Amino acid sequence: MELRAGGLDDPRVRALIAHHLAEARGATPADNAHALGAAALDRPDISFRAMWEGEELLGIGALRRLDADHAEIKSMRTAPAHLRRGVARAILAHLIALAREQGCTRVSLETGTAPMFHAANRMYEAVGFADCAPFGGYPASPHNRFMTLAL
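Residues numbered from 1 in each chain as written. Predicted model: local features only at pLDDT ≥ 70, side-chain atom pairs only at ≥ 80, totals over all residues. Heavy atoms only, no water.

A. Quick look at the overall build of the protein chain. Helix and strand counts for the protein chain come out as four helices and seven strands. Starting at the N terminus and walking to the C terminus, you meet the elements of the protein chain as β-α-α-β-β-β-α-β-α-β-β. Here the protein chain has a C-alpha radius of gyration of 14 Å; the compact-globule value for 151 residues is 15 Å, and the two agree. Dimensions along the principal axes, computed over C-alpha positions, put the protein chain at roughly 40 × 35 × 30 Å. Every one of the 151 residues in the protein chain was classed for burial, and the buried ones make up 48%. Here the protein chain has roughly 7,200 Å² of accessible surface; of this, 53% comes from carbon and sulfur atoms. Taken as two groups, the 17 positive and 17 negative side-chain charges of the protein chain have centres that lie 3 Å from each other. (Helix = DSSP H or I, 4+ residues; strand = E, 2+ residues; numbered from the N terminus. Rg over C-alpha atoms; globule rule 2.2 N^0.38 Å. Buried < 20%, exposed > 50% of the residue type's maximum accessible area, 1.4 Å probe, protein only. Areas by Shrake-Rupley, 256 points an atom, 1.4 Å probe, with all protein chains shown as cover. Lys, Arg positive; Asp, Glu negative; His and termini not counted. Charge placed at Lys NZ, Arg CZ, Asp CG, Glu CD.)

B. Focus on the packing of aromatic side chains. With the rule as written, the count across this model stands at four aromatic pairs. Taken together, a centroid distance of 6.0 Å and an interplanar angle of 85 degrees make the contact between F135 and F146 edge-to-face. Of the two residues, F135 sits in the loop between strand 6 (130-131) and strand 7 (144-150) while F146 sits in strand 7, which places them 11 residues apart along the sequence. A residue is classified by how much of its surface remains accessible, and F146, at 5% relative accessible area, is buried. (Phe/Tyr/Trp six-rings, centres within 6.5 Å; stacked < 30°, edge-to-face > 60°.)

C. Just the confidence of the model for the protein chain, in detail. On average, residues of the protein chain carry a pLDDT of 93, and 99% of them reach 70 or more. Of all secondary-structure elements in the protein chain, the lowest mean pLDDT belongs to helix 1 (residues 11-27), at 89, while strand 6 reaches the highest, 98. (pLDDT = per-residue confidence, 0-100.)

D. Representation of the pairing of strand 3 (residues 56-67). As paired strands, strand 2 (residues 46-53) and strand 3 are joined by eight bridges and run antiparallel to one another. Bridge assignment links F48 to a residue of strand 3, and that residue is A62. Linking two consecutive strands that pair antiparallel, namely strand 2 and strand 3, is a turn of two residues; a positive phi of about 65 degrees is found at G54 within it. Sheet analysis places strand 3 next to strand 4 (residues 70-78), joined by seven bridges and oriented antiparallel. Its bridge partner being in strand 4, I60 is matched across the sheet by R77. Turn length for the strand 3-strand 4 hairpin, with the two strands adjacent in sequence and antiparallel, is two residues. (Pairing = 2+ DSSP bridges.)

E. Examining the pattern of salt bridges more closely. One pass over the full model with this rule turns up 11 salt bridges. Across the salt bridge formed by E23 and R77, the nearest N and O atoms sit 2.6 Å from each other. Within this pair, whereas E23 is found in helix 1, its partner R77 is found in strand 4, the two being separated by 54 residues in sequence. Assessed through its relative accessible area of 34%, E23 is described here as partly exposed. For R77, a relative accessible area of 14% corresponds to the buried category. E72 serves as the salt-bridge partner of K74, at 3.8 Å between the closest nitrogen and oxygen. Overlapping salt bridges bring together R43, D45, R64, E72 and K74 as one network. (Salt bridge = Lys/Arg side-chain N within 4 Å of Asp/Glu carboxyl O.)

F. Local environment of helix 4 (residues 118-127). Within helix 4 the residues assigned to the buried category are N121, M123 and Y124. The buried residues of helix 4 all sit within an arc of 160 degrees when viewed along its axis, so they share a single face. Within helix 4, the exposed residues directed more than 90 degrees away from the buried face are R122 and A126. Buried residues along helix 4 sit in contact with strand 4, helix 3 (87-101), strand 5 (106-112) and strand 7. Just downstream of helix 4, G128 is the residue with a positive phi angle, here 120 degrees. (Arc of directions from axis to C-beta. Contact = heavy atoms within 4.5 Å.)

Written out as structure tokens, the structure is:
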């Protein structure tokens, strides 16, 4: 597995982002679905990564800088054919390390509470993320879970 910076112009990456958006938005009311599309991920404050095995896309993830010491994990998604292979854990570990390299003392994330998010929530908990108050302008709702990790 190789994690590469960028890739938002690759049609395979765009297809996985579209799949991620469709599933996340299908499981969460529109006002509470905060997944980002490819265009929204292509910003200077976001570091986007794609995990590859040769030419096969395994998963994606991004780190959004919120302020000088706080970053947010965005758009974590494993390609359906590669679930349960450690792809998400590897991407998450890299994004946490990247946040540390950038001088962050905290990294947070927003995820869903629907059943499709349960495996991701267990992974975040296992890494040490703990529930926190909404951040970054997100509204509180029963459909969203906010978590943070001190670095």
